[in-house]
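One-letter residues, chain by chain:
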Amino acid sequence: MKNIIKYMYLFTVIIGLFACNDDEQLTPSGEDLFPPQKQTELDKQLAEMYSDYNTVIEYRYIKNLLPKDWYYITPVSIDLVLPMATFLKEMWIGPLEAGSSKEFVETNFPRMIVLVGSPAREKDGSVVLGQAEGGTLIRFTEVNDYSETNRNWKQRQLETAFHEYAHILHQTFGMPNAFREVTPDSYTKNGWKAVTSSEALMRGMVSPYGTSNVSDDFAELFATYLSATDEELDYYFNQQPIEYVEDVDLNKGRALLLTKLNILIKFLDGIGVDIDKIREDLQTKLDNLDN
């Protein structure tokens, strides 16, 4: 009996060895799995432009880099890739460096930027303008609508850029506890899609999306403060004349929003970021678009 067991064990080991050999023969090498992409002249230009930030600009249609719940998307037109990369360098990175330092932005910048040509739509039909993942990757949509003179398009793209950059900041340096405590019971998660702009302001947020959670509240505030006009900022943060009953609640919301803004400014100052210098540089560049 012992001999039978011994032979069975030996037989099993031999089978196992053959199985390992078969696996080794069937498993392709790393180069077969991930063939190196050929560097085009465009790739070289992008690499040179963003080498200081250790950031890759990906414009090809790579399924693994796109969320599974994005529908009806198309790749970016090849002739718009370099203009978009230049626009982001001048209008996003430039102001960030003006309000901090080149070293700060180099250290705290996404490692990949993915460009998508069309808007991205979720299953319910809602449009996604941009998205970040863990502070390492940011996606921009609607790149095929790029225009040198379309300020609205550029402002939308910049709102996305600064919103997602705000996520990098709070993920890196931590969300201020004081910010969390201003309106802790006013967030709606997925219910934000049913919230109007006025209702959001009454809750102390600059947009319906800001009502979804505290991190997007933080990011929306950061992006709006930078990209909004002076008139829009006055509407959001300064008390307005009371003409209707709802104006009372709107002013209460403005007071909450101003509290959050002061917390945000103090937080940014503590990590070496001057939000007003970022805004000044950005608004000057946006104004030059109109001249």
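1. What about the layout of surface pockets?
Argument step 1. When its volume is computed, the second largest pocket comes out at roughly 220 Å³.
Argument step 2. Mapped onto the lining of the second largest pocket, the elements with two or more residues apiece are α3 (41-50) and β1 (56-58).
Argument step 3. A per-element tally of the lining of the second largest pocket places α3 first, with 4 residues.
Argument step 4. By residue class, the composition of the lining of the second largest pocket is 5 nonpolar, 5 polar and 4 charged.

2. Some points on helix α10 (residues 230-237)
It helps to recall that an α-helix has 3.6 residues per turn; residues three or four apart then point in one direction.
Argument step 1. For α10, every residue scored as buried is listed here: L233, Y236 and F237. Looking straight down α10, one finds its buried side chains confined to an arc of 75 degrees; they lie on one side.
Argument step 2. Residues of α10 that are buried in the fold lie against α8 (197-202), α9 (214-227), α11 (245-270) and α12 (275-289).

3. What about the nonpolar core?
Argument step 1. Of all hydrophobic cores here, the largest spans 69 residues; its most connected members are Y50, W92, F140 and F162.
Argument step 2. Beyond its immediate stretch of four places on either side in the chain, F162 contacts M91, W92, P95, L96, F222, A223, L226, I278 and L282.
Argument step 3. Core analysis: the second largest hydrophobic core is formed by 5 residues, V114, V116, A120 and L137 among them.

4. Focus on the side chain of D216
Argument step 1. Among the secondary structure elements, D216 is positioned in helix α9.
Argument step 2. Buried within the structure, D216 lacks any salt-bridge partner; its nearest side chain of opposite charge belongs to K193, at an N-O separation of 12 Å.
Argument step 3. In terms of polar contacts, D216 uses its side chain to reach the side chain of H163, at 3.1 Å.
Argument step 4. Side-chain polar atoms of D216 contact the side chain of H167, separated by 3.0 Å.
Argument step 5. Filtering out sequence-adjacent residues up to four positions away, D216 remains in contact with H163, H167, Y209 and G210.

5. Thoughts on a negative patch on the surface
Argument step 1. A surface patch of negative charge is lined by E159, E231, E232 and D234.
Argument step 2. The element best represented in the negative patch is α10, accounting for 3 residues.
Argument step 3. Structurally, E232 can be placed in helix α10.

6. As for the packing of helix α4 (residues 81-98) against α12
Argument step 1. Interhelical geometry of α4 versus α12 gives an angle of 145 degrees and a closest axis separation of 7 Å. The chirality of how α4 crosses α12 is right-handed. The residues of α12 that touch α4, namely those facing E90, M91, G94, P95, L96 and A98, are K277, I278, D281, L282, K285, L286 and L289.
Argument step 2. Residues of the contact of α4 with α12, tallied by class, amount to 8 nonpolar, 1 polar and 4 charged.

7. Comments concerning the confidence of the model for the protein chain
Argument step 1. The predicted model of the protein chain averages 84 in pLDDT, with 77% of residues at 70 or higher.
Argument step 2. In the predicted structure, residues 2-35 sits below a pLDDT of 50 and forms 1 contact with residues beyond four places in sequence or in another chain.

8. Focus: empty space enclosed by the protein
Argument step 1. In the structure shown here, the tally under the stated rule is 2 cavities of 30 Å³ or more.
Argument step 2. Looking at the second largest cavity, the residues that line it are L96, S100, F104, V105, Y165, L169, F222, V273 and I278.
Argument step 3. Going through the elements one at a time, α5 (102-107) and α6 (151-173) are the ones with two or more residues in the lining of the second largest cavity.
Argument step 4. Looking at the lining of the second largest cavity residue by residue, the class counts come to 8 nonpolar, 1 polar and no charged.

9. Quick look at the pattern of salt bridges
Argument step 1. Counted under the stated rule, the structure contains 10 salt bridges.
Argument step 2. With a closest N to O distance of 2.6 Å, R279 and D230 form a salt bridge. Taken together, the residues R279 in helix α12 and D230 in helix α10 connect sequence positions 49 residues apart.
Argument step 3. Judged by relative accessible area, R279 falls into the buried class, the value being 7%.

Rules behind the numbers
- Residue positions are given per chain, counted from 1 along the sequence in the order it is written.
- Where local features are concerned, this predicted model is filtered to residues with pLDDT of at least 70; where side-chain atom pairs are given and counted, the filter is 80 or more; whole-chain, interface and lining totals use all residues.
- To obtain the side-chain values, all non-hydrogen atoms of the structure were used and water was disregarded.
- In the cavity and pocket records, a cavity denotes points on a 1 Å grid over the protein atoms alone where a 1.4 Å probe fits but cannot get out, a pocket denotes an open set with protein on both sides within 12 Å along at least 5 of 7 lines, and lining residues are residues with an atom within 4 Å of a point.
- Grid points are joined across faces, edges and corners, and a volume is the space filled by probe spheres set on the points.
- Helix and strand assignments follow DSSP, with helices taken as H or I runs no shorter than four residues and strands as E runs no shorter than two, numbered in order from the N terminus.
- Gly is placed with the polar residues, together with every amino acid not listed as nonpolar (Ala, Val, Leu, Ile, Met, Phe, Trp, Tyr, Cys and Pro) or charged (Asp, Glu, Lys and Arg).
- Here the term buried applies to any residue with accessible area under 20% of the maximum for its type, exposed to any over 50%, and partly exposed to those in between, with areas from a 1.4 Å probe on protein chains only.
- Note that the arc is defined by the directions from the helix axis to the C-beta atoms.
- Pairs of residues are marked as contacts when any of their non-hydrogen atoms sit within 4.5 Å.
- In this text, buried Ala, Val, Leu, Ile, Met, Phe, Trp, Tyr and Cys residues form a nonpolar core when linked through side-chain atoms within 4.5 Å.
- Counted as positive: Lys and Arg. Counted as negative: Asp and Glu, with His and the chain ends omitted from the count.
- One side-chain nitrogen of Lys or Arg within 4 Å of one carboxyl oxygen of Asp or Glu is enough to make a salt bridge.
- Throughout this description, a polar contact denotes any pair of N or O atoms lying within 3.5 Å of each other; where both atoms belong to protein, one of them has to be capable of donating a hydrogen while the other can accept it, and for residues adjacent in sequence the pair is counted only when both atoms sit in side chains.
- Like-charged residues within 9 Å of one another, or nonpolar side chains (Val, Leu, Ile, Met, Phe, Trp, Tyr) within 5 Å, are grouped into patches, provided each residue has over 30% relative accessible area and no salt bridge.
- The Shrake-Rupley method, run with a 1.4 Å probe, gives the accessible areas here. Residue values count only the displayed protein chains as cover.
- To locate a charge, the coordinates of NZ of Lys, CZ of Arg, CG of Asp or CD of Glu are taken.
- For helices, the fitted line uses only the C-alpha atoms of the stretch in contact; every axis is such a line through C-alpha atoms, and the angle between N-to-C directions lies from 0 to 180 degrees.
- Each helix crossing is assigned a hand: it is left-handed if the near helix lies turned anticlockwise from the far helix by less than a right angle, otherwise right-handed if that turn is clockwise.
- The pLDDT value expresses, per residue, how confident the predictor is, ranging between 0 and 100.

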